[in-house]
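# Descriptive structure summary
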Amino acid sequence: MSKLRVAVLGAKGRIGSEAVRAVEAADDLELVAALGRGDRLETLADTGAQAVVELTTPASVMGNLDFCLRHGIHAVVGTTGWTDERLAQLTAWLDNAPETGVLIAPNFSIGAVLTMKFAEQAARYFESAEVVELHHPNKVDAPSGTATRTAQLIAAARAKAGSAPQPDATATALDGARGADVDGVPVHAIRLRGLLAHQEVLLGGEGETLTIRHDSLHHSSFMPGILLGVRRVVSTPGLTFGLEHFLDLN
Ligand SMILES: NC(=O)C1=CN([C@@H]2O[C@H](COP(=O)(O)OP(=O)(O)OC[C@H]3O[C@@H](n4cnc5c(N)ncnc54)[C@H](O)[C@@H]3O)[C@@H](O)[C@H]2O)C=CC1
Ligand SMILES: O=C(O)C1=N[C@H](C(=O)O)C[C@H](O)C1
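Now for a look at the structure at hand. (Residues numbered from 1 in each chain as written. Chains lettered and ligands numbered in written order. Predicted model: local features only at pLDDT ≥ 70, side-chain atom pairs only at ≥ 80, totals over all residues. Heavy atoms only, no water.)

Okay, the nonpolar core next. Judged by nonpolar contacts, the single largest core of 28 residues is most densely connected at Leu29, Leu103, Phe108 and Val230. Of all the elements in the fold, those that place two or more residues in this core are β1 (4-9), α1 (14-25), β3 (51-54) and α7 (223-233). Among the elements that take part in this core, α7 stands out by supplying 5 residues, more than any other. Other than its neighbours up to four places away in sequence, valine 230 contacts Leu4, Val6, Leu29, Ala51, Val53 and Val76. (Core = buried A, V, L, I, M, F, W, Y, C linked by side-chain atoms within 4.5 Å. Buried < 20%, exposed > 50% of the residue type's maximum accessible area, 1.4 Å probe, protein only. Helix = DSSP H or I, 4+ residues; strand = E, 2+ residues; numbered from the N terminus. Contact = heavy atoms within 4.5 Å.)

And the structure:
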């Protein structure tokens, strides 16, 4: 059986370099390109890449996906920064490339995906919900894509259940003291030397709290999800948002 031809964008980065090794080690995949900042995207077409793993920066990801979709190259995207406007642009590009698949995964680790799922399930049963994400200090965006997605899922579950607004008597606060407001859910971002990627979802009800915590201790935690994404995206045209759709979790 022929191997799937895969390229990594952001190949010299923290997660990209780990992804290069994971693709190289997979028996059914062939690494045909490992591109960094400034490298020619035409290399993707020249090497016949069938799928890319996009692990660059929020500033670079749209240009890279534009190129991929114009060349019918499937994409597995871990890069953050997904606003509604960006998703609308990507959907428009996909309309012109109906056979091409894109997976955007806010987080590739199974524990983080389950954290989001559990938080979504629990949200309707608690009056209060806040998200705390904790990352290494070299991370360029805040809050994390995972925390943003988690808060959106919690907010949607609360809206569906007809939950009242969260109780919060704060009358005066320093800017930022109550975190960022993501659809009514406060999200707090910690940047601390020594950390990698961690998240706590705090839920509170009368006389009790529930804390759901996940810790990525090494970039290897993201690799099984990336490889699963690559194997599935090539036969899943259109936009898939969230690895859970490839994990039988819905
Ligand atoms: N979805 C997930 O599970 C995960 C997502 N991430 C996300 O992945 C992204 C990268 O994270 P890190 O590796 O920590 O950052 P990093 O800064 O270590 O790596 C990014 C790399 O991309 C390169 N780059 C920038 N523009 C480029 C372009 N146009 N073409 C090719 N390479 C380009 C940079 O030079 C750098 O080497 C971030 O958005 C981060 O939030 C990180 C870990 C897990
Ligand atoms: O930058 C990181 O490191 C990570 N980024 C992703 C995010 O923003 O959610 C995934 C994970 O948290 C690691």
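Time to look at the site of ligand 2. As a structural note, the neighbourhood of ligand 2 is formed by Thr80, Pro106, Asn107, His135, His136, Lys139, Ser144, Gly145, Thr146, Ala197 and Phe222. A distance of 2.6 Å separates an oxygen atom of ligand 2 from a polar side-chain atom of histidine 135. Glycine 145 is positioned such that a nitrogen or oxygen atom in its backbone is 2.8 Å from an oxygen atom of ligand 2. Among the residues forming the shell around ligand 2, the class breakdown is 3 nonpolar, 7 polar and 1 charged. (Near = heavy atom within 4 Å. Polar contact = N/O pair within 3.5 Å; in protein donor to acceptor, adjacent residues only side chain to side chain. Nonpolar A, V, L, I, M, F, W, Y, C, P; charged D, E, K, R; others polar.)

Another aspect to go through is a negative patch on the surface. A cluster of acidic residues, Asp84, Glu85, Asp181 and Asp183, forms a negative patch on the protein surface. Mapped onto the elements, aspartate 181 comes out in strand β7 (residues 180-182). For aspartate 181, a relative accessible area of 62% corresponds to the exposed category. (Patch = residues over 30% accessible without salt bridge, like charges linked within 9 Å, V, L, I, M, F, W, Y side chains within 5 Å. Areas by Shrake-Rupley, 256 points an atom, 1.4 Å probe, with all protein chains shown as cover. Salt bridge = Lys/Arg side-chain N within 4 Å of Asp/Glu carboxyl O. Lys, Arg positive; Asp, Glu negative; His and termini not counted. Charge placed at Lys NZ, Arg CZ, Asp CG, Glu CD.)

Our next topic: the pairing of strand β5 (residues 101-104). Residues of β5 alternate between two faces, with Gly101 and Leu103 on one and Val102 and Ile104 on the opposite face, all of them buried. Sheet topology places strand β4 (residues 74-77) next to β5; 3 bridges connect them, and they run parallel. What sits directly across from valine 77, in β5, is isoleucine 104. Following the chain from β4 across helix α4 (residues 84-95) to the adjacent parallel β5, one finds a crossover that is right-handed. Summarising the sheet, β5 and strand β11 (residues 238-241) pair through 4 bridges and their orientation is parallel. Looking across to β11, one finds that isoleucine 104 is bridged to phenylalanine 241. (Pairing = 2+ DSSP bridges. Right-handed = clockwise from strand over helix to strand, strands pointing away.)

To continue, consider the side chain of serine 216. In this fold, serine 216 is placed in strand β10 (residues 208-216). Owing to a relative accessible area of 1%, serine 216 belongs among the buried residues under this scheme. There is a polar contact of 2.8 Å between the side chain of serine 216 and the side chain of serine 221. Beyond its immediate chain neighbours, meaning those up to four positions away, serine 216 contacts Ser109, Leu196, Ala197, His198, Ser221 and Phe222.

What follows covers the site of ligand 1. Residues in close proximity to ligand 1 total 22 residues, the closest being Arg14, Ser60, Thr80, Ala105 and Phe108. Within the backbone of glycine 13, a nitrogen or oxygen atom sits 3.5 Å from an oxygen atom of ligand 1. Here a nitrogen atom of ligand 1 sits 3.2 Å away from a polar atom, N or O, in the main chain of proline 106. Here ligand 1 loses 83% of its free accessible area of 870 Å² to cover by the protein chains.

A few words on the sheet that holds β11. Taking strand neighbours across the sheet as the criterion, the 6 strands line up as β2-β1-β3-β4-β5-β11 in an open arrangement whose pairing is parallel. The open sheet terminates on both sides in strands that have one partner only, identified here as β2 (29-35) and β11. Strand-to-strand twist of the sheet, defined as the mean angle between neighbouring strand axes without regard to direction, takes the value 20 degrees. Note: β1 against β3, 4 bridges, orientation parallel. Each bridged residue has a counterpart across the sheet, and for valine 6 the counterpart in β3 is alanine 51. Sheet strands in contact with α1 are β1 and β2, and its direction is about 155 degrees off that of β2. Its contacts with the sheet put α7 on β1, β2, β3, β4 and β5, and the angle it makes with β4 is roughly 155 degrees. (Axes fitted to C-alpha atoms, helices over the stretch in contact; angles between N-to-C directions.)

The strand order across the open sheet formed by 5 strands is β7-β8-β6-β9-β10, and the pairing between neighbours is mixed. On the outer flanks of this sheet lie β7 and β10, each paired with one strand and no other. Taking each pair of neighbouring strands and ignoring which way they run, the sheet shows an average axis angle of 20 degrees. Of the strands in this sheet, β9 (197-205) and β10 are in contact with helix α5 (residues 110-122), which crosses β10 at around 160 degrees.

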